[in-house]
Structures are given as structure tokens and as C-alpha cells.
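Residues per chain, in single letters:
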Amino acid sequence: MAVISVDQDISKDILDEMIPIGELSSSQVMEVYQNDYRARLQEVLGDNYEACWFVLGDEDFLNYSYEYVEANPSSFTNLLHYGDDFPEFLAKKAHDVSFIKDLAEFERAFWHLFHQKDCLLSFDPQKYGEAIFEQRLKLIPNSYFLFESDVELSQLWQMRKGDVDKSFNEIQNKEYTLLYKNHERVQIQILSEGLYLLLRNLEKSQTILEAVEGIEEEKLSDPAIWSIFFGFISYIS
């Protein structure tokens, strides 16, 4: 939906061009438009940060989203990226929810991946054999997102729709998560600590051999970890 920025100070020229409706004056028509516009922006935040809404509750979330909209009229030609800095805004407001920034960033990442094109399977690790460990690799920026959190973000994501019947106390566990896209679907994959560290290191390294340095051997000793790893990098490198 294309939108325009609405400033608090509306010029006289714009007001003069507004067409009165019924008994409403031009300025009253503009006020109605502005209210509808702000409501639409709040609706966008509610859609994109639904899990945060679930955690914060109606009163707090609606208050925070209203404050954000008042301070941030949209400068985008569409609303796809409106609220990209809402996680930082929530972190300053919801001090009593320690994980709110992680959760908001998780939701932002999900919708960014949802709206972008599928990442095609363009890299086949098997053709390199053992040489794959010394092959120069580069992970594709924004084709995936990694999260480390003290709560189970994946469970909160499902709880927002009532798909998981758990209490907040039951999800107070360390979780490592990878979001990526393949076959037109956003994948939410729970990672072991070792696999999370390997992917994080690979962001700063050129080869897998360099990436494993500093990771305790037992954290990467399970062959299943490597099977999962090579499946991931087929789509994100």
C-alpha cells in the first residue's frame, strides 16, 4: 500500500485542496485522514510484531505502538519496512521484559525473509569432498538470521497463535535459532550451541577450518551436526 508522510504541520496549500465531506470542513477532513493514517501504521506494527503484542498485552503494546507512530511518521513509499527500528524502541520502553528486543528482532527477521525471494540452492558441498573444509565460503547477507536468547523464541512465536500450550516459566531456557528460507517457506531451525558458534564464526572466517578454531571439540563431535550444517550452507552461502 503506497503512503505518503504526514507531518504535524499541514501547509495551507494542502488544506485548500482538501474536499469537504458533508458537514466536515477541510481541516476536519484532514484530521480524519491523519487519524486513519496513524491507525494504519499501528495496524502494521501489530501485524509485524504479533508475538511482542502477545507478551506485552493489549494496553502496553498499543500504548508503545501509538508512541512510536506519533514519533515516526512513515517516510517509505510502502509500508513493508515500516517499524524496522521498533525492536530498539521497545527495548527502551519495556524494561521489565528482558527478552523483548530479541523477540522483536526475531519477528522482524521472519517477515524480511517472508517477503524476499527464495534463496536458490546454488552451492553443493558434496562435490568438494574433504576439500570443502578448506574451500573459501561466504555467507549471503540477509539470507539468514541467527539468534541467541535466554528464552525459547521459537516457542513464543508459536504461543502467539495459541499453537503451544505453555507458560512463560516453561520457556525460560537458552535457545539458539536460525531463520532462513527455502522452497518458498521461512524455516525456523533450533541449533545446538556448537552449530550456532560455527555459523557465527563462519561470518568472520573464510573457511570452515578457520571457523572451528576456538570451539570445543565435543560441541561439534556429533555427525548429525555436520549433516545439518552442510544442508544450511547450501542455501545461505
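Higher on the page you've got the structure.
Presented here is a report on the structure given in the accompanying data block.

1. Notes on the overall build of the protein
For step 1, the next point in the chain: Within the protein, the secondary structure is distributed over ten helices and three strands.
For step 2, the next point in the chain: Ordered by position from the N terminus, the helices and strands of the protein form the series α-α-α-α-α-α-β-α-β-β-α-α-α.
For step 3, the next point in the chain: Burial statistics for the protein: of 237 residues in total, 42% are counted as buried.
For step 4, the next point in the chain: Look at the contacts in the protein between residues 6 or more apart in sequence, and 65% of them connect residues 24 or more apart.
For step 5, the next point in the chain: Accessible area of the protein: about 13,700 Å², with a carbon and sulfur share of 49%.

2. Overview of the side chain of E152
For step 1, the next point in the chain: The residue E152 is located in the loop between β1 (144–149) and α7 (153–159) in this model.
For step 2, the next point in the chain: For E152, which is buried and forms no salt bridge, the nearest opposite charge comes from K166, at a distance of 4.4 Å.
For step 3, the next point in the chain: Once residues within four sequence positions are removed from consideration, E152 is found in contact with K166, E170, I171, N173 and E175.

3. Concerning the pattern of salt bridges
For step 1, the next point in the chain: Within the structure shown, the criterion is met by twelve salt bridges.
For step 2, the next point in the chain: Across the salt bridge formed by R40 and E43, the nearest N and O atoms sit 3.5 Å from each other. Of the two residues, R40 and E43 are both situated in helix α2 (residues 26–48); the distance of three residues between them amounts to about one turn of the helix.
For step 3, the next point in the chain: The shortest N-O distance in the salt bridge between K93 and E67 comes to 2.8 Å. Linking K93 in helix α5 (residues 86–93) with E67 in helix α4 (residues 58–71), this pair joins segments that are 26 residues apart in sequence.
For step 4, the next point in the chain: In this structure K93 comes out as partly exposed when scored by relative accessible area, which is 32%.
For step 5, the next point in the chain: Salt bridges linked by common partners bring E88, K101, E105 and R108 together as one network.

4. Some points on the layout of surface pockets
For step 1, the next point in the chain: Approximately 340 Å³ is the volume attributed to the largest pocket.
For step 2, the next point in the chain: Every residue lining the largest pocket is counted, 20 residues in all, and those nearest its centre are N48, L79, L80, H81 and H115.
For step 3, the next point in the chain: Listing elements by their share of the lining of the largest pocket, those giving two or more residues are α2 and α6 (100–115).
For step 4, the next point in the chain: Among the residues making up the lining of the largest pocket, the classes are represented as eight nonpolar, eight polar and four charged.

5. Considering the sheet that holds strand β2 (residues 175–182)
For step 1, the next point in the chain: Read across the open sheet, the three strands follow the order β1-β2-β3; overall the sheet is antiparallel. Single-partner strands in this sheet number two, and they are β1 and β3 (185–191). For this sheet the average axis-to-axis angle between neighbouring strands, irrespective of direction, equals 20°.
For step 2, the next point in the chain: Across the sheet, α6 lies against β1, β2 and β3, angled at about 165° from β1, the strand it touches most.
For step 3, the next point in the chain: Sheet strands touched by helix α8 (residues 193–204): β1, β2 and β3. Its angle to β1, the strand with the most contacts, is close to 130°.

6. Re the packing of α4 against α5
For step 1, the next point in the chain: Closest axis-to-axis distance for the α4/α5 pair is 11 Å, and the angle between their directions is 120°. Of the possible angle classes, the one that applies to α4 and α5 is oblique. Crossing geometry of α4 relative to α5 is assigned as right-handed. Of the residues in α5, those in contact with F61, Y64, S65, E67 and Y68 of α4 are F86, F89, L90 and K93.
For step 2, the next point in the chain: When its residues are assigned to classes, the contact of α4 with α5 shows six nonpolar, one polar and two charged.

About the cut-offs
- Residues numbered from 1 in each chain as written.
- Predicted model: local features only at pLDDT ≥ 70, side-chain atom pairs only at ≥ 80, totals over all residues.
- Heavy atoms only, no water.
- Helix = DSSP H or I, 4+ residues; strand = E, 2+ residues; numbered from the N terminus.
- Buried < 20%, exposed > 50% of the residue type's maximum accessible area, 1.4 Å probe, protein only.
- Contact = heavy atoms within 4.5 Å.
- Areas by Shrake-Rupley, 256 points an atom, 1.4 Å probe, with all protein chains shown as cover.
- Lys, Arg positive; Asp, Glu negative; His and termini not counted.
- Salt bridge = Lys/Arg side-chain N within 4 Å of Asp/Glu carboxyl O.
- 1 Å grid on protein atoms, 1.4 Å probe; cavity = no way out; pocket = protein on both sides within 12 Å on 5 of 7 lines; lining within 4 Å.
- Points joined across faces, edges and corners; volume = space filled by probe spheres on them.
- Nonpolar A, V, L, I, M, F, W, Y, C, P; charged D, E, K, R; others polar.
- Pairing = 2+ DSSP bridges.
- Axes fitted to C-alpha atoms, helices over the stretch in contact; angles between N-to-C directions.
- Parallel < 35°, antiparallel > 145°, perpendicular 65-115°, else oblique.
- Left-handed = near helix turned anticlockwise from the far one by under 90°.

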